[in-house]
Amino acid sequence: MAARTPLYDRHVAAGARMVEFGGFDMPLMYSSIRDEHIAVRTDAGLFDLSHMGEVRLTGDGAEASVQRLLTNDVTGLRSGAALYSVMCNEKGGIVDDVVVYRDPGGYLIVVNAACRSKDVAWMRDHLDGTELDDLSDALALLAVQGPRAVEIVQCVAAVDVGTTDPFHFVDTEVGGVHAAVSRTGYTGEDGFELYVDADAAGSVWDVLLATGREFGMLPCGLGARDTLRLEAGLRLYGQDMDDATDPYSCGLGWTVKLAKGDFTGASALRALDPKHPPRRFIGLRLEGRAIARHGNSVIARGRDAGVVTSGTFSFTLGYGIATASVDPELSPDTPLMIDIRGSLAPAVRVPLPFYRRTKGA
Amino acid sequence: MADLSAYRFTATHEWVLLDDGRATVGITDNAQSQLGDVIFVELPAAGTVVKAGAKFGAIESVKAASDLYAPVSGTVSQVNDALSAQPELVNREPYAGGWMIRLDGVSEGGVELLDEAAYEASTAG
């Protein structure tokens, strides 16, 4: 049986369509993926992300352990700041993609729900002088995303969260409850992710939902989260990458800091040419309203040239979009087709991300 | 709620409205609700002969693609062109503006057609 977040009863009471994801019963949508998606692009949306895992690393060896586990460089990461990274195995394949937070006591690594037990086991095997606490069940994670997220969270937070920089967080209170409020997200919009005790999740959810209503905020499910993240060109572990994908082959080479010294997977990654990775990760725009799906073949000049990793209809742009892992030798101007259940749909290669918000809006 | 007493339903969640040898076909409210936001409806051209129980088109939602099956046999006389610009009509008005095809020369057979109560019973629980 799938696990439940502390907000499960609220989702069911609100009439959400529930779906199993990462071992949890999660809301797919409350009303309509389209309406929820548009709410986040124009006003705001509230997400329950309590399925995500949180792993705390502390101790004298914590920094060295994190440096060894992650491809990105945390030496410059100050308390109150966060960083996106991947975690690789010895072969350079991606174990998971994570966000790491630095606080005075150590590091908090946020992992994908489906990877939690794998990641915890992997980390334990690669620690030195470091204590690991799996806080995934003790912590709930809520996100407020959208151009009006600052106004909404301002109403209920004890400090001025509008001054928090992107990829930084502040320890404060929200609705009278202790919360780490982080200016991060997975939608391509401004917004916050709030880490609270699981016991307090319900009251924080209620106060955010009530406050957000007059700002046009809607509760949003994983359906909208997926269409939003794909428009923003953000990767989904298990779909766009896995244990056999190196970071260069999925366009995440920027998270690999070979100059920082030795880390897990470094020697395998050094053997690769970042400019000529084994596979190339590209964006595709589809003609018409056809929708490419994960696993569809990409065809170039009648030959198999790759595979769609993620695809959806972009509500913001009004056409189908997809990311694909293709033959790196493919010339950028080669006409591409996607085999969608037996019909070939023309696709045009476009830069990632598909959608970029207007800053300062 | 629309008056569906004249509608007949299939186990594959299409509806058909029969009228003197002609028929209008769409998908049920339950079907559109399960699919979620409809993005694209692939329909046959006018003049296409469809056979009861056979695939006549496909429907894509954000979540999934599904095939559409003809409740009755006949020849496509009209296609709901509004759906190419507004596929969301299938979600908003599954029994009215979200209709998909009209058929001439209709014959039944091969597909069990349920009345509203029997269809509702089949989808309950």
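Model, not experiment: these values are computed from the prediction.

Some words on the nonpolar core
Residue and element names in this part refer to chain A.
Point 1. Within the largest apolar cluster, 39 residues are counted, with the highest numbers of intra-cluster contacts made by Phe47, Ile94, Tyr101 and Met241.
Point 2. Broken down by secondary-structure element, the contributors of at least two residues to this core are α2 (33-42), β5 (82-88), β6 (94-103), β7 (106-111), β9 (139-145), α7 (222-231) and α8 (266-270).
Point 3. Considering each element in turn, this core owes the most residues, 4 residues, to β5.
Point 4. Look past the residues within four positions of tyrosine 101 in its chain and what remains in contact with it is Ala81, Ala82, Gly106, Tyr107, Leu108, Val110, Phe169, Ser182, Thr184, Glu193 and Tyr195.
Point 5. Counting 29 residues, the second largest nonpolar core, distinct from the first, contains Val161, Val177, Val181 and Ala200.

Observations concerning the environment of Arg213(A)
Point 1. Summarising the element assignment, Arg213(A) is placed in the loop between α6 (201-212) and β13 (217-220).
Point 2. Put simply, Arg213(A) and Ala44(A) are 169 residues apart on the chain and 9.3 Å apart in space, counted from C-alpha to C-alpha.

Side note on unusual backbone geometry
Point 1. Cis geometry is found at the peptide bond from Leu352(A) to Pro353(A), where omega equals 0°.
Point 2. In this structure, His13(B) takes a positive phi of about 75° despite not being glycine.
Point 3. Position of His13(B) relative to the elements: it lies in the loop between β1 (7-9) and β2 (14-19).
Point 4. The partly exposed category is assigned to His13(B), whose relative accessible area is 27%.

So, the packing of aromatic side chains
Point 1. Per the counting criterion, the structure on display carries 9 aromatic pairs over all chains.
Point 2. Aromatic side chains Tyr101(A) and Phe169(A) sit 5.4 Å apart centroid to centroid with 85° between the ring planes, which places their arrangement in the edge-to-face category. Of this pair, Tyr101(A) sits in strand β6 while Phe169(A) sits in strand β10 (residues 169-174); the two residues are 68 residues apart in sequence, bridging distant segments of the chain. Here Tyr101(A) and Phe169(A) have matching classes, each one buried.
Point 3. With a centroid separation of 6.3 Å and an interplanar angle of 90°, the aromatic rings of Phe9(B) and Tyr95(B) are classed as edge-to-face. Of the two residues, Phe9(B) sits in strand β1 while Tyr95(B) sits in the loop between α3 (89-92) and β9 (101-107), which places them 86 residues apart along the sequence. Each member of the pair, Phe9(B) as well as Tyr95(B), is classed as buried.

Topic: the packing of α2(A) against α7(A)
Residue and element names in this part refer to chain A.
Point 1. The geometry of α2 relative to α7 is characterised by a closest axis approach of 8 Å and an angle of 50° between their N-to-C directions. Considering the angle they form, α2 stands oblique to α7. Considering how the two elements wind past one another, α2 and α7 form a crossing that is right-handed. Residues Ile33, Glu36, His37, Val40 and Arg41 of α2 touch α7, and the partners they reach there are Gly223, Ala224, Thr227, Leu228 and Glu231.
Point 2. In terms of residue class, the contact of α2 with α7 is built from 4 nonpolar, 3 polar and 3 charged.

Observations concerning the environment of Met26(A)
All names here are of chain A.
Point 1. Inspection of the secondary structure puts methionine 26 in strand β2 (residues 24-29).
Point 2. Methionine 26 sits 304 residues away from leucine 330 along the chain, and the two C-alpha atoms are 39 Å apart.
Point 3. Setting aside residues up to four positions removed in sequence, methionine 26 forms contacts with Thr5, Arg17, Met18, Val19, Phe21, Asp48, His51 and Leu222.

Considering the pattern of salt bridges
Point 1. This structure, assessed with the given rule, holds 17 salt bridges over all chains.
Point 2. The residue Arg183(A) makes a salt bridge to Asp190(A) at a minimum N-O spacing of 2.7 Å.
Point 3. We classify Asp190(A) as buried; its relative accessible area is 15%.
Point 4. Notably, a salt bridge pairs Arg293(A) with Glu60(B), separated by 2.6 Å at the nearest N-O pair. With Arg293(A) in the loop between β14 (280-286) and β15 (297-300) and Glu60(B) in strand β6 (residues 55-61), this pair bridges two chains.
Point 5. Through salt bridges with shared partners, a single network forms among Arg293(A), Arg341(A), Lys55(B), Glu60(B) and Asp67(B).

What counts as what
- Residue numbers here run from 1 along each chain, matching the order of that chain's written sequence.
- As they are written, the chains are lettered A onward and the ligands numbered 1 onward, keeping that order.
- Restriction of local features to residues with pLDDT of at least 70 applies here, the model being predicted, together with a cutoff of 80 or more for giving and counting side-chain atom pairs; totals for whole chains, interfaces and linings are based on all residues.
- The side-chain numbers reported here are obtained from all heavy atoms of the structure, hydrogens and water having been left aside.
- Take the buried residues of types Ala, Val, Leu, Ile, Met, Phe, Trp, Tyr and Cys, join any two whose side-chain atoms come within 4.5 Å, and each joined set is a nonpolar core.
- Each residue is placed in one exposure class: buried if its accessible area under a 1.4 Å probe, protein chains only, is under 20% of its type's maximum, exposed if it is over 50%, and partly exposed if it falls in between.
- Runs of H or I in DSSP of at least four residues are treated as helices and runs of E of at least two as strands, each being numbered from the N terminus.
- We call two residues in contact whenever any of their non-hydrogen atoms come within 4.5 Å of each other.
- Between 30 and 60 degrees the pair is tilted, below 30 it is stacked and above 60 it is edge-to-face, where a pair is any two Phe, Tyr or Trp rings, Trp via its six-membered ring, whose centres lie within 6.5 Å.
- Here an angle of 0 to 180 degrees is reported between the N-to-C directions of two axes, which are lines fitted to C-alpha atoms, with helices fitted over the stretch in contact.
- If an angle is under 35 degrees, it is roughly parallel; if it is over 145, roughly antiparallel; if it lies from 65 to 115, roughly perpendicular; otherwise it is oblique.
- Two helices crossing with the near one rotated counterclockwise from the far one by less than a right angle form a left-handed crossing, whereas a clockwise rotation gives a right-handed crossing.
- Three categories are distinguished: nonpolar for Ala, Val, Leu, Ile, Met, Phe, Trp, Tyr, Cys and Pro, charged for Asp, Glu, Lys and Arg, and polar for the others, with Gly belonging to the last.
- The term salt bridge refers to a pairing of a side-chain nitrogen on Lys or Arg with a carboxyl oxygen on Asp or Glu at a separation within 4 Å.

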